[in-house]
Amino acid sequence: MITGMKKKDKITEIFFDEDDPIINIRTYNTDLKNRLMKFSKKYPNECKLVDDSGNGMLEFEINKGRFCFRLTSPYSEKRRQLLSRNATRDNHLPKK
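Asks: Help me get a handle on the overall build of the protein, residues and values and all.
Replies: Per the secondary structure count, the protein includes two helices and four strands. Starting at the N terminus and walking to the C terminus, you meet the elements of the protein as β-β-α-β-β-α. Taken over C-alpha atoms, the radius of gyration comes to 19 Å for the protein, far larger than the 12 Å a tight globule of 96 residues would show. Dimensions of the protein, computed from the C-alpha atoms along their principal axes, are close to 45 × 35 × 30 Å. By residue count, 18% of the 96 residues in the protein fall in the buried class. Considering only residue pairs separated by 6 or more positions, the protein has 44% of its internal contacts joining residues 24 or more positions apart.

See the structure below:
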């Protein structure tokens with residue numbers, strides 16, 4: 001969908017407080033929208049689409065226990081080299 005908006009204006013907002021068991025997520029991010037939409041169809045009691053702005057932004061409500069932030073540590077140089085070597089090797093393997 002072309003919205004005429006700049007990428008920097010297409011934000012994702014995640015709202016919650018310590019009391020309410022619901023998290024509100026408003027996003028333009030296509031991957032996140034697709035994942036939330038798929039989840040909401042599979043688990044309608046846990047997540048639901050509450051607003052489609054028509055300009056590319058969707059708003060969802062999801063139960064707190066179903067959404068998480070994942071923090072990942074940076075890879076060491078040694079691990080990066082190993083992953084790079086494995087990816088190069090795997091890329092040259094014959095396709096099944």
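Asks: Give a description of the packing of aromatic side chains that names residues and reports values.
Replies: Within this structure, the stated rule accounts for two aromatic pairs. Note on F67 and F69: the rings are 5.5 Å apart at their centroids and 90 degrees apart in plane angle, and the pair reads as edge-to-face.

Asks: Report on the layout of surface pockets, specifying residues and quantitative values.
Replies: Space left empty within the atom packing is revealed by a probe, the size of a water molecule, rolled over the atoms. In this structure, the largest pocket encloses a volume near 220 Å³. Residue classes in the lining of the largest pocket are distributed as seven nonpolar, no polar and two charged.

Calculation notes
Residues numbered from 1 in each chain as written. Predicted model: local features only at pLDDT ≥ 70, side-chain atom pairs only at ≥ 80, totals over all residues. Heavy atoms only, no water. Helix = DSSP H or I, 4+ residues; strand = E, 2+ residues; numbered from the N terminus. Rg over C-alpha atoms; globule rule 2.2 N^0.38 Å. Buried < 20%, exposed > 50% of the residue type's maximum accessible area, 1.4 Å probe, protein only. Contact = heavy atoms within 4.5 Å. Phe/Tyr/Trp six-rings, centres within 6.5 Å; stacked < 30°, edge-to-face > 60°. 1 Å grid on protein atoms, 1.4 Å probe; cavity = no way out; pocket = protein on both sides within 12 Å on 5 of 7 lines; lining within 4 Å. Points joined across faces, edges and corners; volume = space filled by probe spheres on them. Nonpolar A, V, L, I, M, F, W, Y, C, P; charged D, E, K, R; others polar.

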